[in-house]
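Now for the letters of each chain:
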Amino acid sequence: MSTACPICRAEVTARRPENPAFPFCSARCRGIDLSRWLGGDYAIPVRDEAPTDEDLAVAARRSRS
Ligand SMILES: [Zn+2]
């Protein structure tokens, strides 16, 4: 079962340890995702205030896993 890169939608077939950037296709896409989170480009629905601890935990998991 393969995964699509959340950034460029490329098919991601390699997982850790072969692909340390998983679920992204590359470190470049992982970096783009992280910068979007940090820059607030991701729209978090139904909320205008600062992200909650849970949001940050999700972002951290996304960036690490
Ligand atoms: Zn990608």
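Attention in this report is confined to the structure presented alongside it. Predicted, not measured: the structure shown is a model, and the values here were computed from it.

1. Let's talk about helix H1 (residues 27–39)
Here is step 1: The terminal C-alpha atoms of H1, which comprises 13 residues, lie 18 Å apart, in line with the 18 Å expected from a rise of 1.5 Å per residue.
Here is step 2: Two residues or fewer after H1 comes glycine 40, characterised by a positive phi angle close to 75°.

2. Describing unusual backbone geometry
Here is step 1: Going from arginine 16 to proline 17, the amide bond is cis rather than trans, its omega being 0°.
Here is step 2: Tracing the sequence through the fold places proline 17 in the loop between strand S2 (11–12) and H1.
Here is step 3: Across the junction of phenylalanine 22 and proline 23, the peptide omega takes the value 10°, indicating a cis bond.
Here is step 4: Its place among the elements puts proline 23 in the loop between S2 and H1.
Here is step 5: Positive phi, close to 70°, is recorded for arginine 9, a residue that is not glycine.
Here is step 6: Position of arginine 9 among the secondary structure elements: in the loop between strand S1 (3–4) and S2.

3. Looking at the coordination of the zinc ion
Here is step 1: For the zinc ion, the full set of protein donor atoms is Cys5 (SG), Cys8 (SG), Cys25 (SG) and Cys29 (SG), at a range of 2.3 to 2.4 Å.
Here is step 2: Geometry at the zinc ion is tetrahedral, judged from its four donor atoms and the angles of 104 to 116° they form at the metal.
Here is step 3: Given a relative accessible area of 40%, cysteine 8 falls into the partly exposed group.

Conventions and cut-offs
- Residues numbered from 1 in each chain as written.
- Predicted model: local features only at pLDDT ≥ 70, side-chain atom pairs only at ≥ 80, totals over all residues.
- Heavy atoms only, no water.
- Helix = DSSP H or I, 4+ residues; strand = E, 2+ residues; numbered from the N terminus.
- Expected span 1.5 Å × (residues − 1).
- Donors = N, O, S within 2.8 Å, 3.2 Å for Na, K, Ca; no water.
- Tetrahedral: all angles 85-135°; square planar, octahedral: opposite > 155°, others 65-115°.
- Buried < 20%, exposed > 50% of the residue type's maximum accessible area, 1.4 Å probe, protein only.

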